[in-house]
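The primary structure of each chain is shown beneath.
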Amino acid sequence: MTSRVHDEPLTLAAYAILNEPGDQARNYRAALGLFEHAEQLGIDGLWVRQFHLRRPAVATASSSSGPEPGGGLPSPFVFLAWLAARTRRLRLGTAAVTLPLESPLRVAEDAAVLDALSGGRAELGVANGGAAPGLAELFRGSAAGAEDPDARRAAYQADLARLADALDGAALNDAGARLNPPSPGLSGRIWEATLTERSGYDTGARGHGVLIGTTQTVAADVTARAYFRGLEAYAASAGRHRPPRLGLATLIYPARDRETALREARAGIEEKYEWGRAFLPPATTLAEKAASICLHYGTAEQITESIAAQPWFPYATQLMVQTELFYASYTQRADALELFTGEVAPALGWTGAARPSNS
Amino acid sequence: MTKLRIAVHSDLREHGEQAAVYRETLDLFGYAEELGFDTAWVRSYKFRRRSGAPGFSFPGGLPSPLVFLSALAARTARIRLGTAVVPLPLENVVRVAEDAAVLDALSHGRLELGVSNGGQPAVAAALGVDLGSDRDGKKARYLESLAALAEVLDGGLVNGTDQELNPPAPGLAGRIWESALTRQTGHDSALRGNGVLIGTTQTVPAEVTAAAYHAALPEGAPPRVGLVVHVHPAADRRTALSALEADVQTVYAWGKEWLPPATTLEEKAAAINVHYGRPEQIAESILAFPAFPYTTELQFSVAYGTTSYAQRRAAVEAVASEIAPALGWKPDDRHRVTDSRA
């Protein structure tokens, strides 16, 4: 196996974007059931993505409304608080809160309440973003500098600093008001979702964890290497070392062989490749497209080999396993997670499953 | 006549470490569901001062009611989940709609969404919100926010975009309540089709606001009037008063400029509308309260004079077993489900 470039133990999380058609309430509740089960399997954490709003269904000639549009989850803290009450050990992460669309202090409050309700299990992932026209006005009441990447970056960094200060108990107004509830240690559990080499470096230089997707314009290992360089810069300037925290989204589809996997997952592979065609590695055959969207598929051994061969794998401290896009049922997703925790992750060096569960 | 409902109401400002207060309150609300209570309401407070004496004046509380109520949703099956209240001037209305819609989806439609035109200038300043100095302007912006909230919850296109709220929140716009302090807001809330949440220590007597609400309610519309009542059950009124003394003094001192004049401890307890003593004395006291006939949901707070979770649990038990039945409340047998989770 590829040797790792750090000494941190490999941890394992479930990752869900929850962007699926159908009855949203039913989708959420089925996902909650899956994540309760994930804790039983020994998985260390969970990350959920944030999506705001959606386009309404378009009416067609044959029906007054079109197919149920996809959705997503706009309120990760509300969702994770439900799991805080139903789980004992699972770490509960946002991946990620789009900071430019939020009040940093409201994010701090929600994160602090989640942390208090969960006994300190919150992992606070944030991201720059929300640049689509109209969104900043809608959520923040202004869109200052929306067109200028440097201004957007500066505004994001100011929000991030405000968030971290609030979590650390800084005075928030002239009257000396502080965040309530107190959130000891939570500012040390900030992660940033990044897309580029520069933002990977900046995240490391701030001493934060980093969340990296595998279908991005910049290859994941480029961002990962930049993050480690940033962490060195943090250690040099802060005079203390922060252990790396690097989570990689890992999309899997287990089947009895690779051909079966490709056949069953065809529609999802084609759809995702089309979505990212402009920036993904070029591909023609279905197998090439599966590789291009970084899908790991087949038997446990084949999935293990595929992940271990990734250029980013030596840098990862956490695999964020995603069982979405291709699955026919929640039973099938649960089976996939069980295969991953039982066979794939241990072969990759994960020892968490051996840990006794508190629940 | 509308069937009386009962709720447990907490401001989560009890003495102690905040995480422990949250957990004990969740336990208390879970117990309230077992006892047949219809709703659990939580107040919201932002920030804390660096210091402050524990007790009623403890400057903490809960800033994120919808996050908290989601944990309660996970632990309960039936009890309704109320925010009392989300201060709209301090919030982004679309974010409120999103959080409310997600909680409603996770809880099978159990959310009751209380909102207010609240917010203190210093708190708003910290949040980067300018409340303005003009009361009429603030009121106008509140009404705009409230209308936008209802429209977004009803699935309308979100202002300035070609998008709609996700997840959908069917029926939730019909479960908005407004904090009402005056005759005018009681009247206006009724015309807007919203419920009203009324406290008992207000500049305008609760019955005035409640009567204005009923008078303005359109023919056939079911009234929703929630009234907060502070209760302290004990072996007798003297014992109760002794336990209540510190909190009564603190609350009366806080509101003495606009509360009815009072000198003795009994007078001050009456001025802030604490009902105390044996359960039947508490029931009599509530029955005699002028706002009671207008009330559709009594929201019991057991914070005054209690210093432990065990005391609050006993007080909630006394409400369900003796006080509320004496006021005409009956637990619904179909509701006697402690846990219907799979």
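Every chain is numbered on its own, with residues counted from 1 as its sequence reads. Here chains are named by letter from A upward and ligands by number from 1 upward, in the order in which they appear as written. Local features are withheld for residues below a pLDDT of 70 in this predicted model, meaning they are given only at 70 or higher, and side-chain atom pairs are given and counted only at 80 or more; totals for whole chains, interfaces and linings count all residues.

Caption draft 1: Up close: helix 8 (residues 258-276) of chain A. Residues and elements named next belong to chain A. Only runs of H or I of at least four residues qualify as helices and only runs of E of at least two qualify as strands under DSSP, and these elements are numbered from the N terminus. To estimate how far a helix should reach, multiply one less than its number of residues by 1.5 Å. Over its 19 residues, helix 8 runs only 23 Å from end to end, short of the ideal 27 Å by more than 12%, given 1.5 Å per residue. Whether a residue is buried, exposed or partly exposed is read from the other C-beta atoms within 10 Å of its own C-beta, which are placed from the backbone; 20 or more gives buried, 12 or fewer gives exposed, and intermediate counts give partly exposed. Residues of helix 8 that are buried include every one of Ala-261, Leu-262, Ala-265, Ile-269, Lys-272 and Tyr-273, and no others. Any pair of residues counts as being in contact when their C-beta atoms, constructed from backbone geometry, are within 7 Å of one another. For helix 8, the secondary structure elements touched by its buried residues are strand 7 (246-254), helix 9 (286-292) and strand 8 (295-298).

Caption draft 2: Main features of the environment of B:Asp11. All names here are of chain B. Positionally, Asp-11 belongs in the loop between strand 1 (5-10) and helix 1 (18-35). Residue Asp-11 is classed as buried on the basis of its 20 C-beta neighbours within 10 Å. Residues within four places of Asp-11 in sequence aside, it is in contact with Arg-43, Gly-61 and Ala-303.

Caption draft 3: Molecular detail of the nonpolar core. Remark: nonpolar core denotes a set of buried Ala, Val, Leu, Ile, Met, Phe, Trp, Tyr and Cys residues whose joining runs through C-beta atoms within 7 Å. Counting residues in hydrophobic clusters, the biggest one holds 208 residues, and the most contacted among them are A:Ala81 and A:Leu114. Per-element tally for this core: the top contributor is helix 3 (residues 93-106) of chain B, with ten residues. In this structure, A:Leu114 is in contact with A:Phe77, A:Leu80, A:Ala81, A:Ala84, A:Leu92, A:Ala122 and B:Val67, ignoring residues within four places of it in sequence.

Caption draft 4: Geometry of the interface of chain B and chain A. Residue-level contacts link 46 residues of chain B with 44 residues of chain A. Among the elements of the structure, helix 1, helix 2 (65-75), helix 3 and helix 4 (121-126) of chain B are those that each provide at least two residues to the side of chain B that touches chain A. Each residue is assigned to one class: nonpolar for Ala, Val, Leu, Ile, Met, Phe, Trp, Tyr, Cys and Pro, charged for Asp, Glu, Lys and Arg, and polar for all the others, Gly among them. Each residue belonging to the side of chain B that touches chain A can be placed in one class, and the counts come to 25 nonpolar, twelve polar and nine charged.

Caption draft 5: Expanded view of the pairing of strand 5 (residues 176-179) of chain B. Residues and elements named next belong to chain B. Burial along strand 5 is two-sided: the residues Ile-176 and Glu-178 and Trp-177 and Ser-179 are all buried. Strands are labelled as partners when DSSP assigns at least two bridges between them. Bridge count for strand 4 (residues 111-116) against strand 5 is three bridges, and the pairing is parallel. By the bridge assignment for strand 5, Gly-114 is matched with Trp-177. By the bridge criterion, three bridges tie strand 5 to strand 6 (residues 195-198) in an arrangement that is parallel. Across the sheet, the residue bridging to Glu-178 is Val-196, located in strand 6. Orienting the strands away from the viewer, one traces the path from the first strand over the helix to the second; a clockwise path indicates a right-handed crossover. Crossover handedness for the path strand 5 to helix 6 (residues 183-191) to strand 6: right-handed.

Caption draft 6: Geometry of the packing of helix 2 (residues 76-86) of chain A against helix 2 of chain B. At a closest axis distance of 7 Å, the pairing of helix 2 of chain A and helix 2 of chain B adopts a crossing angle of 40°. With respect to each other, helix 2 of chain A and helix 2 of chain B are oriented oblique. Where helix 2 of chain A crosses over helix 2 of chain B, the handedness of that crossing is right-handed. Here A:Phe77, A:Val78, A:Ala81, A:Trp82, A:Ala84, A:Ala85 and A:Arg86 of helix 2 of chain A come into contact with helix 2 of chain B, specifically with B:Leu66, B:Val67, B:Phe68, B:Ser70, B:Ala71, B:Ala73, B:Ala74 and B:Arg75. A breakdown of the residues in the contact of helix 2 of chain A with helix 2 of chain B according to their chemical character gives twelve nonpolar, one polar and two charged. Between the N-to-C directions of two axes lies an angle of 0 to 180 degrees, each axis being a line fitted to C-alpha atoms and, for a helix, fitted only over the stretch in contact. Oblique is the label for every angle not falling under 35 degrees (roughly parallel), over 145 degrees (roughly antiparallel), or within 65 to 115 degrees (roughly perpendicular). Put simply, a crossing is left-handed when the front helix is turned counterclockwise from the back one by less than a right angle, and right-handed when it is turned clockwise.

Caption draft 7: Main features of the pairing of strand 4 of chain B. All names here are of chain B. Strand 4 sits mainly inside the fold: six of its six residues count as buried. Across the two faces of strand 4 the burial is the same, with Leu-111, Leu-113 and Val-115 and Glu-112, Gly-114 and Ser-116 all buried. Of the strand pairs in this sheet, strand 3 (residues 80-87) and strand 4 are connected by five bridges, and their pairing is parallel. Across the sheet, Gly-82 pairs through a bridge with Glu-112, a residue of strand 4. In this region the chain leaves strand 3, passes through helix 3 and returns to the parallel neighbour strand 4; the handedness of that crossover is right-handed.

Caption draft 8: Structural view of unusual backbone geometry. Cis rather than trans, the peptide bond between A:Asn180 and A:Pro181 has omega equal to -5°. Along the polypeptide, A:Pro181 turns up in the loop between helix 5 (149-167) and strand 5 (190-194). Cis rather than trans, the peptide bond between B:Asn166 and B:Pro167 has omega equal to -5°. Phi is positive for B:Leu12, close to 50°, though the residue is something other than glycine. Along the chain, B:Leu12 falls in the loop between strand 1 and helix 1. Given 22 C-beta atoms within a 10 Å radius, B:Leu12 is considered buried.

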